[in-house]
Amino acid sequence: MNLCDRETLRALLGRHDFHFSKSMGQNFLIDPAVPAAIAAASQAAADCGVLEIGPGVGCLTAELAGRAGKVVSIELDQKLLPVLAETMAPYGNAEIIPGDALKLDLRALATEKFQGLRPLVCANLPYNITTPVLTKLVETPCFESITVLLQKEVAQRLAAPQGSSDGGAFTLWLQYYMETEVLFGVPAAKFFPAPKVDSAVLRCVRREKPPVETEDEAFFFRCIRGAFLLRRKTLVNSLSAALPEKGREAVQAAVENCGLSPSVRGEALTLEDFARLSAALQRL
């Protein structure tokens with residue numbers, strides 16, 4: 001069964017009386033080259049266990065099952081479960097788990113399902129849960145890599161060079177733990193129904209160790225979030241608002257002592273800059 005053929009897809013969904021849910025961000029791929037390319041980009045192999053979130057009708061799931069030792073797909077929409085039971089029947093190494101990925105213990109799931117296998121993530125993520133899902137996946141340290149299809153602008157922001165205006169606090173948080181790269185774009189026309197924006201594949205590979213050393217990781221990230229609190233304001237103004245206990249004069253002195261201009265904005269700083277600055281601020 002060609003799960004990316006529009007007419008086959010219509011007939012499949014019709015048999016199961018399935019209707020799309022806008023709230024779940026359901027957009028299914030209709031070009032078989034795309035799920036094949038995403039699965040290949042994940043570098044899934046026989047020694048890998050792959051976690052997928054939101055399998056839809058299973059076009060990417062099938063590609064992953066042909067490469068990986070085991071595929072576990074978490075599907076929230078109960079109405080898709082009978083569809084997946086039909087489409088995934090030929091794949092003995094693919095398992096569908098009903099549930100909400102944001103509420104499940106993913107580390108326990110990977111330990112149970114991927115014994116003896118290297119855990120990876122590969123998924124076509126719904127746009128509306130990108131940030132919380134990525135956060136949870138990164139905070140689950142057993143996953144070596146995360147290969148996901150996202151809204152194009154989001155993917156570009158998460159892989160933006162440090163110190164550029166394209167990034168943000170979440171960009172730096174993600175790049176502290178992962179090496180990020182946008183691999184290729186996927187036009188909106190490759191989906192059914194077509195979304196209003198294009199997509200892109202982002203690959204994140206877990207670092208063996210963070211790229212910078214921090215004296216206090218929690219305070220380091222507090223400084224990063226604070227630097228973007230008032231994004232259109234200077235770093236000094238934004239950090240002064242985020243760290244009221246430090247005082248504006250002390251914040252400005254710390255910024256200048258790190259060799260930074262008092263008029264610089266937070267978006268211009270790299271992880272290395274924030275490591276130096278957070279250490280200086282902590283010593284105040």
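Everything below is about the structure printed above this text.
Small disclaimer: the values here were computed from a predicted structure and weren't measured.

Conventions and cut-offs
Residues numbered from 1 in each chain as written. Predicted model: local features only at pLDDT ≥ 70, side-chain atom pairs only at ≥ 80, totals over all residues. Heavy atoms only, no water. Buried < 20%, exposed > 50% of the residue type's maximum accessible area, 1.4 Å probe, protein only. Helix = DSSP H or I, 4+ residues; strand = E, 2+ residues; numbered from the N terminus. Pairing = 2+ DSSP bridges. Right-handed = clockwise from strand over helix to strand, strands pointing away. Salt bridge = Lys/Arg side-chain N within 4 Å of Asp/Glu carboxyl O. Phe/Tyr/Trp six-rings, centres within 6.5 Å; stacked < 30°, edge-to-face > 60°. Arc of directions from axis to C-beta. Contact = heavy atoms within 4.5 Å. Polar contact = N/O pair within 3.5 Å; in protein donor to acceptor, adjacent residues only side chain to side chain. Axes fitted to C-alpha atoms, helices over the stretch in contact; angles between N-to-C directions. Parallel < 35°, antiparallel > 145°, perpendicular 65-115°, else oblique. Left-handed = near helix turned anticlockwise from the far one by under 90°. Nonpolar A, V, L, I, M, F, W, Y, C, P; charged D, E, K, R; others polar.

Most of strand S3 (residues 70-75) sits inside the fold, with six of its six residues counted as buried. Burial of the side chains of S3 extends over both faces: Lys70, Val72 and Ile74 are buried on one face and Val71, Ser73 and Glu75 on the other. Where strand S2 (residues 48-53) meets S3, five bridges bridge the pair, whose relative direction is parallel. Bridge assignment links Gly49 to a residue of S3, and that residue is Lys70. The handedness of the S2 to S3 crossover, carried by helix H3 (residues 59-65), is right-handed. Of the strand pairs in this sheet, S3 and strand S4 (residues 94-98) are connected by five bridges, and their pairing is parallel. Residue pairing for S4: Ser73 is matched across the bridge by Ile96. Of the crossover connections in this fold, the one passing from S3 over helix H4 (residues 81-87) to the parallel S4 is right-handed.

Applying the stated criterion across every chain yields a total of 14 salt bridges. When the shortest N-O distance is used, the salt bridge between Glu7 and Arg10 registers 3.9 Å. Here Arg10 and Glu7 lie together in helix H1 (residues 6-15), a separation of three residues that amounts to about one turn. In this structure Glu7 comes out as exposed when scored by relative accessible area, which is 52%. Across the pair Arg283 and Glu215 runs a salt bridge whose closest N-O atoms are separated by 3.4 Å. In this pair, Arg283 is assigned in the segment after helix H12 (271-282) and Glu215 in the loop between strand S9 (199-206) and helix H9 (217-227), connecting sequence segments 68 residues apart. Here Arg283 and Glu215 have matching classes, each one exposed. Ionic contacts of the salt-bridge type, sharing partners, join the residues Lys70, Glu95, Glu112 and Lys113 into one network.

This brings us to the packing of aromatic side chains. The relation between two aromatic rings is expressed through the spacing of the ring centres and the mutual angle of the planes. Overall, the coordinates contain 11 aromatic pairs when judged by the stated rule. Summarising the aromatic geometry, the rings of Phe20 and Phe192 are spaced 5.5 Å apart at their centres and angled 80° between planes, so their arrangement reads as edge-to-face. Taken as a pair, Phe20 in the loop between H1 and strand S1 (28-29) and Phe192 in strand S8 (residues 191-192) lie far apart in primary sequence, 172 residues in all. These aromatic residues form a ring-pair network of at least three members: Phe170, Trp173, Tyr176, Tyr177, Phe220 and Phe221.

Looking now at H1. Given 3.6 residues per helical turn, the α-helix brings residues three or four places apart onto the same face. Leu9, Leu12 and Leu13 are the residues of H1 that are buried. The buried residues of H1 occupy an angular sector of 90° when projected down its axis, which confines them to one face. Those residues of H1 that are exposed and aimed more than 90 degrees away from the buried face are Glu7, Gly14 and Arg15. Of the surrounding secondary structure, the elements contacted by the buried residues of H1 are S1, H4 and S8. Capping the start of H1 is the job of one residue whose side-chain oxygen sits 3.3 Å from the backbone nitrogen of Glu7: Asp5. Asp17 sits one or two residues past H1 and shows a positive phi near 50°.

A few words now on the packing of helix H10 (residues 235-242) against helix H11 (residues 248-257). How two helices sit against one another is set out by the angle between their axes and by the gap between those axes. Relative to each other, H10 and H11 sit at 130°, their axes nearing to 9 Å. The angle between H10 and H11 places the two elements in the oblique class. Between H10 and H11 lies a crossing of right-handed hand. In this structure, H10 contributes Leu235, Val236, Asn237, Leu239 and Ser240 to the contact, and H11 contributes Arg248, Val251, Gln252 and Val255. Partitioning the contact of H10 with H11 into residue classes produces five nonpolar, three polar and one charged.

This next bit is on the environment of Arg10. You can call Arg10 partly exposed: its relative accessible area is 43%. Along the sequence, Arg10 and Phe20 sit 10 residues apart, while their C-alpha atoms lie 11 Å from each other.

For the bond from Phe192 to Pro193, the omega torsion is -10°, close enough to zero to count as cis. Examined against the element boundaries, Pro193 turns out to sit in the loop between S8 and S9. For Asp17, which is not glycine, the phi torsion reads 50° and is therefore positive. Here Asp17 shows up in the loop between H1 and S1. With relative accessibility at 56%, the residue Asp17 sits in the exposed group.

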